[in-house]
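Observations on the three-dimensional arrangement
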Amino acid sequence: MTSTASQPTDAAPSVPEHMSNLKVRASDRPWDQLTTAEKLEQVWADPPGVIGWFKALQNDRIGVRIMSTAFLFFVAGGINALLMRVQLAEAESTFLTAQRYNELFTMHGSTMMYLFAVPMMEGFAILILPLILGNREMPFPRLGVFSWFTFLLGGLLFYSSFIAGAVPDTGWFAYAPLSGPEYSPGIAMDYWLLALGVAEVAAIAAGVEIILAILRMRAPGMSLSRMPIYAWAMLVMAFSILFAFTPLIVGSLLLELDRRIGTQFFNPQAGGSPVLWQHIFWIFGHPEVYLQFIPATGIVSMVVPIFSRRSLAGYTWVVIALVATGFLSFGLWVHHMFTVGLPQISMTFFAAAGMMIGIPAGIQIFAWITTIFTGRPVFKVPFLFVIGFLITFVLGGITGIMVSAVPFDWQVHDSYFVVAHFHYVLIGGVTFPIFAGIYHWAPKFTGRLLDERLGKLHFWLYFIGFNVAFFPMHISGFLGMPRRVYTYQEEMGLDIYNLISTIGAFVLALGVAVFISNWFYSRRNGRPAGDNPWNGDTLEWATTSPPANYGFARLPIVHSRYPLWEQVSSSGEVDIFEEDHEPGDTTNTERLLQAMSEWPLRWRAALITGAVDGEPVEIFRVSGPSIWPAVAGVALVTVFGSEVFALHWLTILGLLVFAAALVGWHWPNQLPYTDEEREFEEKYNIPVRPNGSLTIGRWGMALAILLLGIALSSFLFSYFYIRLENPIWPPENLPLPELVRPAIATALMLLAGAVTWWSVNNVHKGNLGRMRLGLMLVFLLGAGALGIMIWEYLQLPFTWQLNAYASIFWAIGGYMLLLLLVALGMNLFVQVWAWQGLYTELDNAAVQNSALFVYGVIAFWIISFGILYLAPRFT
Amino acid sequence: MTTTSADANDRAKRALVLSVLIGPLGWGVFFLVGYLIAEAACQTRILHNSVAGLNLVVVVVLGLALLALLVTGGGAIWNYRRWRERAWNGIRGDRKTEDLATFFALVSMALNVLFALAIVLTALGMLFLEPCQWT
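This section reports on the structure supplied with the text. As the structure is a prediction and not an experimental result, all values here were calculated from the model.

Turning our attention to the pairing of strand β2 (residues 616-621) of chain A. All names here are of chain A. Pairing between strand β1 (residues 605-609) and β2: 5 bridges, direction antiparallel. Pairing of Leu607 across the sheet is with Ile619, part of β2. Hairpin remark: β1 followed by β2, antiparallel, with 6 residues in the connecting loop; positive phi at Gly614, about 70°. Direction of pairing for β2 relative to strand β3 (residues 688-689): parallel, over a ladder of 2 bridges. Residue Ile619 lies in a different strand from β3, and its bridge partner there is Val688.

Quick look at the structure:
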C-alpha cells in the first residue's frame, strides 16, 4: 500500500474495527473463555489491593505518578516564590527575615530545578513513549517504579528540612566554601546534598529506561529518520541526564565528604579549590537548563503540526538542531563563571559556544513559525500555550545571547536582569510547553477533554501574569537590583518594579489554580475525548482513550513520519498494519505482528527492534510486578536520609536491605522454553526470549558502564584540577605512590579479564562446566586484587584528611574498590545460579552481562592505575 | 539474508551513526583539550614564549583548532557528497535503507558545518585577546 496523502485532511480518517483496542476489566470467567483482548488485558494488568499499589509498574500509572509528584513540588516551589515576592513588594520589608529569605530562594530554586522540571519531563516520557513508539511497555518497568519511589521519598526528605528546622540556605548551586563545614555547620546542607542526591539517582534511572525504549523498542519500520521529534528530543534529554547528573552526584559526594569526614577537596588552605565545586556544579548546571528545554521543544514539535494541520517544516533540520543543542550545552558551563577570575583565552571557548547555541535554537523556532504560517492553525488551548512559549522563549533566548558576551555579563551578573533572563527561558521555555503537553495528551489518558474555556482562562492568566512578573525584572536589574538579597533601600527607586512583579506573580499563581480546578472539574465533567480528538498524526492516537493495559494488541508498522495522516488506504481508512507494498502481498513482518497479537498470552511479550532501522530483532518478556523495586527505593532513601542525621547503623541497615532488594528484584523467574517458543522462532525467524532480552540486558549494562565511566571522569577531572592548583605533586613532600602491590593487583585484574572471556566463550559452546569453573576463577582473582589493594591502602603514609591530593587519591581508590566489590557480588550471584543449572547455551544473558561489567571495571582500573600511580612519576 | 550481508548491513548502520558523531566529537575534543591546555598554560606559566607575535599557548590551541577543522570540514565534505549522490541522483536499491542514508548524510553534513563554525568562532577570539590576562 502506498502513502497517498502528504497532508492531513480536516476530517479524521475512519479507524477500522480491528484496530481499536478493547478496554476490558479483569474477568471472573475461566481463562479459556476469555477473548484474546481480555487475556492480554489480564496479562498486562497491575495487581489489585494495597500491596498491588506498591507493585504496580504499568508505564501509564508510573508516568502519572511521577508527573503528579513533580506537579506537587511545582506548587511547593511556587509557594516559596510567592512568599519571596511578598517580601520584595516593598522596600525594607520585614515580612521575612534575611535567613528565611535565603532558605526560601534555596528551596525554590532547588525544587524547580531538581524536583519539578526534569522529573516532569521524564514522567511525560514514561507515560506516552510506549504508545508514540508503537510498543507495549517500557523496557525496564521495574526501574520506573524504583525511580518514582526514590524521587518521591527523596523530595519529601528534602522538604522535611522545614520540620527539622534545618532548611538549606546556600542557593540551588551550593557554592563552596559557603556550603562547606566552616560556613554551613549543622545538617541543613546535608539535607541539600543527600536528599537531592537520591532524587538525582531517580532521574538517572528513568533516563536509562527512556534511552533504551527509544533506541530498541520502536514499532517495526520506525527508523530513526521516521521517529517522532518528541522521541528525538527525549533521546537527547536522556543522554544529557547521564552526562550531567552523574558529575553532580560525584561533586555532591566530594562536598559531603569534606563536611563529614574532613577531606579537603574544596579547602584552598590544604591544596583544594572552591572553584572546583563551581566547575563540577556548572558542568551539570548548564546542561540542566537544556535538558529541560529540549524535551519541551519536543512537545512543541508534536503540538504545532497537529494544530497547524500540516506536517512539521524542516523535520531533518529540527533533528539536527536537537542533537547540536545537546552537544553544545556541555560547552557552556563556564558561561556562569565569567566573573570568577579566569584567563581571557579560557573564556573565549565558552563565549563562542554560548553564541553558537543560538543557531540550533533559531532553526527550531523558524521551523515552527514556518509550519504555523503555512498551515491552517486551530487556536485550541494546547496551541495557545505553544504561542505563549514562542513569544516568551524568544525573549529569553535573546537575553541569553546577550549574557554570553563576556563584557555584558560582567555588568549584569548577579542582578535581576539574569533572574528575568532565566525565568523567561525556564518558565517560558519549559512550563508553557508542559501545559501545552498536558492539555494535548491528557484526553488520551483520562478519556476526557479538559475544559476549553477554563483552559483559555488559565492560559491568559498565566501568560499575562508571567510577563507582568518577570519583564520588569530586566529594568530593575539594569537599575542595580542584586539577586539573592532579601531587601532593598527605598532610595534605590526599585519599589514600583518590584510591586508590579509581585502582582504579576500572584496573577500567574491564579492561572495555576485555574488549571488545577480545570483538571478536577474535567475529570468528572469533561467531554469524552474519543480516540483521536485532535486528528493527531502519531501512533498514540490510534489507540483507545484511555488505552488498554497492553497499549497495542497488534503492533503497528510504520512507513511514514506521520503514520495516521499518510498511511491511509484508497478507501480513506488508516492502515498501520501493513508495510508499504502492493495489495495482496503479506510480508514476514506483517505475519509476525499478526501472530504476536495472538501469542504469547501468558507472558508479557514486547518487541525489540533495530536501533537504526527499526526492524524486528527479538521478542522478549517484559518483567512483571514486584515489590522489590519499591523496597529498593525506600531502602536507598533510608541510606541517604539516615546519613543526614549521622545514624550510621541505620545507613548500614538500609544498605543491607537495598542489597537484598536488588537480589530479590533480579531473582530469576524462569519460564520454560517450550515447543511453542521454538515453533514461533522457526516460523517467523525471530528469537523468542521468555526469560528476558539479551539485547536489552546488554544495552542496559553498556549504559551502566557508561554511567560509571562518567563518574570516573568526574573524579579524574577533580584530580587534574587539584593537580593544577598544586605546583608540587605529590604536595608536602609526600612520597610517590608505591608501585609493587598495585601492579600485582592490576595483573590479577587482567588475568580475571582473560578468564572471563574464556568462560563466556565456553557458555557459547555449551560447555557449562568450564563456564562455572571460569566464573569461580574470576571471583578468586578479583578477590585477590581487592585484598591486595585494601592492604595497599592500609599501608599508605597519609589519610584522606591530610590535603586535597590525599583526599582525591583515597576517593578514586575507594571508587575503584567499590566497583570491584560490585563486580564480585555480581559474579557470586551468577555463580550461584550457574551451579543451579539456570543457564544454557541459548539462555545466559546474566553471564554475558556480568562479563561485560568485569571488562568495564578492568578498563577503569587500568586508567586509574595509570593516573594515580604512573603519571606522577613523569610530571 | 546471509550472515555476511547481515554483517555488512550492520556495519553500514554503525557507519551511519558514527558519521553523525564526527562533527560533535571533533569539536568536543578540541574544546576540552584546548581548554585544558589553555588553563594549564596560564596557571603554570608554561608555553609563554612568542611565535610570530603570537603567544605560544595561542599557537598550540590554534594548531589544535586547525586539526579539528580538518576533521569536521572533511566530515562535512564527505557527507555532502554522500547526500548529493543520493538526493540528486535519485534513490537506488532498497528504499528504506536509502532513505535512512540520505537522512543521516544530511544530518551529519549539517552537524559538521555547525561544529566547524563553532571551532572558527572560538579560535577567532584568540587572535585578538591577551591569552593569559586574568580578568
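Moving on: the packing of helix α14 (residues 416-446) of chain A against helix α16 (residues 495-525) of chain A. Residue and element names in this part refer to chain A. Direction vectors running N to C along α14 and α16 enclose 15°, while the axes themselves pass 12 Å from each other. Viewed along their axes, α14 and α16 adopt a mutual orientation that is roughly parallel. In this structure, α14 crosses over α16, and the sense of that crossing is right-handed. On α16, the residues that touch Phe435, Ile438, Tyr439, Ala442 and Thr446 of α14 are Phe515, Asn518, Trp519 and Arg523. Along the lines of polarity and charge, the residues of the contact of α14 with α16 split into 6 nonpolar, 2 polar and 1 charged.

A separate point is the packing of aromatic side chains. Evaluation of the coordinates by the stated rule reveals 94 aromatic pairs over all chains. Consider the rings of Phe307 of chain A and Trp534 of chain A, whose centres lie 5.1 Å apart with planes at 55°: the pair is tilted. With Phe307 of chain A in helix α8 (residues 274-308) and Trp534 of chain A in the loop between α16 and α17 (563-566), the pair connects residues that are 227 residues apart, well separated along the chain. Ring geometry for Phe350 of chain A and Phe31 of chain B: centres 5.1 Å apart, planes at 85°, overall edge-to-face. Here the residue Phe350 of chain A occupies a position in helix α10 (residues 344-356), and Phe31 of chain B occupies one in helix α1 (residues 3-44), the pair thus bridging two chains. Residue Phe350 of chain A is classed as buried on the basis of its relative accessible area, which comes to 0%. Over the face of the ring belonging to Trp53 of chain A we find Arg65 of chain A, whose NZ or CZ atom lies 4.2 Å from the ring centre. For Arg82 of chain B, the ring lying beneath its charged end belongs to Trp78 of chain B, and the centroid distance is 4.8 Å.

To continue, consider the interface of chain B and chain A. Taken residue by residue, the interface counts 45 residues in chain B and 43 residues in chain A. Roughly 3800 Å² is buried in total at the junction of chain B and chain A, and carbon and sulfur atoms are behind 77% of that figure. Our count for the contact surface shared by chain B and chain A stands at 1 salt bridge. Put simply, Asp613 of chain A and Lys13 of chain B hold a salt bridge, and the shortest N to O gap is 2.8 Å. When residues of the side of chain B that touches chain A are traced back to their parent elements, those giving at least two are α1, α2 (56-88) and α3 (95-126) of chain B. Ranked by residues supplied to the side of chain B that touches chain A, first place goes to α3 of chain B with 18 residues. Grouping the amino acids of the side of chain B that touches chain A by side-chain chemistry returns 32 nonpolar, 7 polar and 6 charged.

Conventions adopted
- Residues numbered from 1 in each chain as written.
- Chains lettered and ligands numbered in written order.
- Predicted model: local features only at pLDDT ≥ 70, side-chain atom pairs only at ≥ 80, totals over all residues.
- Heavy atoms only, no water.
- Pairing = 2+ DSSP bridges.
- Helix = DSSP H or I, 4+ residues; strand = E, 2+ residues; numbered from the N terminus.
- Axes fitted to C-alpha atoms, helices over the stretch in contact; angles between N-to-C directions.
- Parallel < 35°, antiparallel > 145°, perpendicular 65-115°, else oblique.
- Left-handed = near helix turned anticlockwise from the far one by under 90°.
- Contact = heavy atoms within 4.5 Å.
- Nonpolar A, V, L, I, M, F, W, Y, C, P; charged D, E, K, R; others polar.
- Phe/Tyr/Trp six-rings, centres within 6.5 Å; stacked < 30°, edge-to-face > 60°.
- Buried < 20%, exposed > 50% of the residue type's maximum accessible area, 1.4 Å probe, protein only.
- Lys NZ or Arg CZ within 6 Å of the ring centre and 35° of its normal.
- Buried area = accessible area lost by both parts, 1.4 Å probe.
- Salt bridge = Lys/Arg side-chain N within 4 Å of Asp/Glu carboxyl O.

Functional significance is not addressed by these values, which are geometric in nature.
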